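Letter by letter, the chains look like this.
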Amino acid sequence: HKKRILDRSVPLTKQQLQKACSVNYRVKNPHYISGSELVVRSLRGDAKKIEKFVVDWRKHFIDTVNPKFMPVGWCVDNPVVCGRQDEGKSGEAECVKQW
């Protein structure tokens, strides 16, 4: 037998509604780990794992979004470089032609 939380035959009072609105429904889970943190932890700073993850994510983006326009020089297989951009890379023209 289930206990009914709300008896629909009895109307709610303004006081009950105000009390319900003041309930703290957001309770922080001390064990919560964000998805991005889980990814970072799983890659453990391993450059090869990071590059594979980035390339796989780019492929997923292309397959899922199917963009019609991409920035000049953008390519799924572009090198993964953190904190700087390598200019004058060869092979950019071939990547752009794919789109």
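Predicted, not measured: the structure shown is a model, and the values here were computed from it.

Draft legend 1. Here's a closer look at the overall build of the chain. A tally of helices and strands in the chain yields four helices and zero strands. Put simply, the chain runs from its N terminus to its C terminus through helices and strands in the order α-α-α-α. Here the chain, with 99 residues, has 11% of them falling under the buried criterion. By sequence separation, contacts in the chain at least 24 residues apart represent 19% of the contacts at least 6 residues apart. Counting only carbon and sulfur atoms, one obtains 56% of the accessible surface of the chain, whose full area is about 9,600 Å².

Draft legend 2. Summary view of the packing of helix 2 (residues 35–43) against helix 3 (residues 47–65). Between helix 2 and helix 3, the least distance of the axes is 9 Å, while the angle of their chain directions is 135°. One finds that helix 2 runs oblique with respect to helix 3. Where helix 2 approaches helix 3, its residues Val39, Ser42 and Leu43 are matched on the opposing element by Lys49, Ile50 and Phe53. Among the residues forming the contact of helix 2 with helix 3, the class breakdown is four nonpolar, one polar and one charged.

Draft legend 3. Spatial organisation of the packing of aromatic side chains. Summed over all chains, the structure comprises one aromatic pair. Relative to tryptophan 57, the ring of phenylalanine 53 lies with its centre 6.5 Å away and its plane at 15°, an arrangement referred to as stacked. Separated by four residues within a single helix, phenylalanine 53 and tryptophan 57 lie in helix 3, roughly one turn from each other. Here tryptophan 57 falls in the exposed class, since its relative accessible area comes to 53%.

Parameters at a glance
- Sequence positions are assigned chain by chain, starting from 1 and proceeding in written order.
- Side-chain atom pairs in this predicted model are given and counted only at pLDDT of 80 or more, local residue features only at pLDDT of at least 70, and totals for whole chains, interfaces and linings cover all residues.
- Hydrogens and water molecules were not included; the side-chain quantities draw on all heavy atoms of the structure.
- Labels follow the DSSP assignment, with helices taken as runs of H or I lasting at least four residues and strands as runs of E lasting at least two, numbered in each case from the N terminus.
- Relative accessibility decides the category of a residue: with a 1.4 Å probe and only protein chains considered, values under 20% of the type maximum give buried, values over 50% give exposed, and everything between is partly exposed.
- It only takes one pair of heavy atoms within 4.5 Å for two residues to be counted as in contact.
- What sets the accessible areas is the Shrake-Rupley method with a 1.4 Å probe; for residues, cover comes only from the shown protein chains.
- Every angle, taken between N-to-C directions, lies between 0 and 180 degrees, and every axis is a line fitted to C-alpha atoms, over only the stretch in contact when it is a helix.
- Oblique is the label for every angle not falling under 35 degrees (roughly parallel), over 145 degrees (roughly antiparallel), or within 65 to 115 degrees (roughly perpendicular).
- We call Asp, Glu, Lys and Arg charged. Ala, Val, Leu, Ile, Met, Phe, Trp, Tyr, Cys and Pro are nonpolar, and the rest, Gly among them, are polar.
- Two rings belonging to Phe, Tyr or Trp (six-membered ring only in the last case) form a pair when the distance between their centres is within 6.5 Å. Interplanar angles under 30 degrees mark stacking, angles over 60 mark edge-to-face geometry, and anything in between is tilted.

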